Amino acid sequence: EDQVTQSPEALRLQEGESSSLNCSYTVSGLRGLFWYRQDPGKGPEFLFTLYSAGEEKEKERLKATLTKKESFLHITAPKPEDSATYLCAVQPPAYKYIFGTGTRLKVLA
Amino acid sequence: ETGVTQTPRHLVMGMTNKKSLKCEQHLGHNAMYWYKQSAKKPLELMFVYNFKEQTENNSVPSRFSPECPNSSHLFLHLHTLQPEDSALYLCASSQDLAGGPHNEQFFGPGTRLTVL
């Protein structure tokens, strides 16, 4: 069964304290892995797509990496405005996305 | 307007009411989706339309009725809902269903639905 597990469920960081969020997945065949950011009361905002193991993508303080079993979202020197829920999704060989439950990140000033 | 828009942003309805949610995408996409997001649960795919044709009904109760008059507009008609249907309803769109590069799903802001 296709499945996505995100950890930790919640994370509190001090401003400038780097950390990583994990997305573990099992899927019959990976067409793509996606990271989204979601602010309270808003829809998910697309961040990255990763397609193959070893691939990396960066955007400002965020860097996403992919292996055959998991993806990491590394946050370097986070700021309070990085506080949000980060969602991971995988796309098996079909059009459906399988989402995780997200990691709620709080960055304290 | 740009991206994916949804109206209304908030909706409170009684169990006997009939209401509709509206989604419009300004991205030139051909596929549109309805998702349900409940607290501490993953996003649940409800319906999928591709080129106006419904391709997925993910065992959704008949009290939810989708409509897709064209590739830019998607509706979700609601009637005789239950309190457990209270959730954030998200609309998304993508170029089509093929997946692959530059075919990610983009989401609207959602409609926060409360059923009394």
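The text that follows walks through the structure, step by step, so that each part is easy to find. Nothing here was measured: the structure is a model prediction, and the numbers come from that model.

## Regarding the packing of aromatic side chains
Next up, step 1: What the rule picks out here adds up to 11 aromatic pairs over all chains.
Next up, step 2: When the ring of Phe-34 of chain A is compared with that of Tyr-97 of chain A, the centres are 4.3 Å apart and the planes differ by 10 degrees; the resulting orientation is stacked. Of this pair, Phe-34 of chain A sits in strand S4 (residues 32–38) while Tyr-97 of chain A sits in the loop between strand S9 (84–91) and strand S10 (98–99); the two residues are 63 residues apart in sequence, bridging distant segments of the chain.
Next up, step 3: Taking the relative accessible area as the measure of exposure, Phe-34 of chain A reaches 2% and is therefore buried.
Next up, step 4: Plain terms: the ring middles of Phe-99 of chain A and Phe-107 of chain B are 6.1 Å apart, the flat faces sit at 75 degrees to each other, and that makes the pair edge-to-face. Taken together, the residues span two chains, with Phe-99 of chain A in strand S10 and Phe-107 of chain B in strand S10 (residues 106–107). You'll find Phe-99 of chain A and Phe-107 of chain B in the same group, each marked buried.
Next up, step 5: Aromatic ring contacts, followed pair by pair, group Phe-34, Tyr-36, Phe-46, Tyr-97 and Phe-99 of chain A together with Tyr-33, Tyr-35, Phe-106 and Phe-107 of chain B into a single cluster.

## Structural notes on the sheet that holds strand S1 (residues 3–7) of chain A
Residue and element names in this part refer to chain A.
Next up, step 1: Strand order in the open sheet formed by five strands is S1-S3-S8-S7-S6, with antiparallel pairing between adjacent strands. Of all strands in the sheet, those bounded by a partner on one side alone are S1 and strand S6 (56–59). Neighbour-to-neighbour, the strand axes of the sheet open up by a mean angle of 15 degrees, direction not taken into account.
Next up, step 2: As paired elements, S6 and strand S7 (residues 62–66) share four bridges and run antiparallel to each other. Looking across to S7, one finds that Glu-58 is bridged to Lys-63.

## A closer look at the state of the cysteines
Residue and element names in this part refer to chain A.
Next up, step 1: Applying the stated criterion to the full structure yields two disulfides over all chains.
Next up, step 2: Two residues, Cys-23 and Cys-88, share a disulfide whose sulfurs are 1.9 Å apart. With the S-S bond torsion at -65 degrees, the cross-link from Cys-23 to Cys-88 turns out left-handed. In this pair, Cys-23 is assigned in strand S3 (residues 19–26) and Cys-88 in strand S9, connecting sequence segments 65 residues apart. The same class applies to Cys-23 as to Cys-88, namely buried.

Quick notes on the rules
Residues numbered from 1 in each chain as written. Chains lettered and ligands numbered in written order. Predicted model: local features only at pLDDT ≥ 70, side-chain atom pairs only at ≥ 80, totals over all residues. Heavy atoms only, no water. Phe/Tyr/Trp six-rings, centres within 6.5 Å; stacked < 30°, edge-to-face > 60°. Helix = DSSP H or I, 4+ residues; strand = E, 2+ residues; numbered from the N terminus. Buried < 20%, exposed > 50% of the residue type's maximum accessible area, 1.4 Å probe, protein only. Pairing = 2+ DSSP bridges. Axes fitted to C-alpha atoms, helices over the stretch in contact; angles between N-to-C directions. Disulfide = S-S within 2.5 Å.

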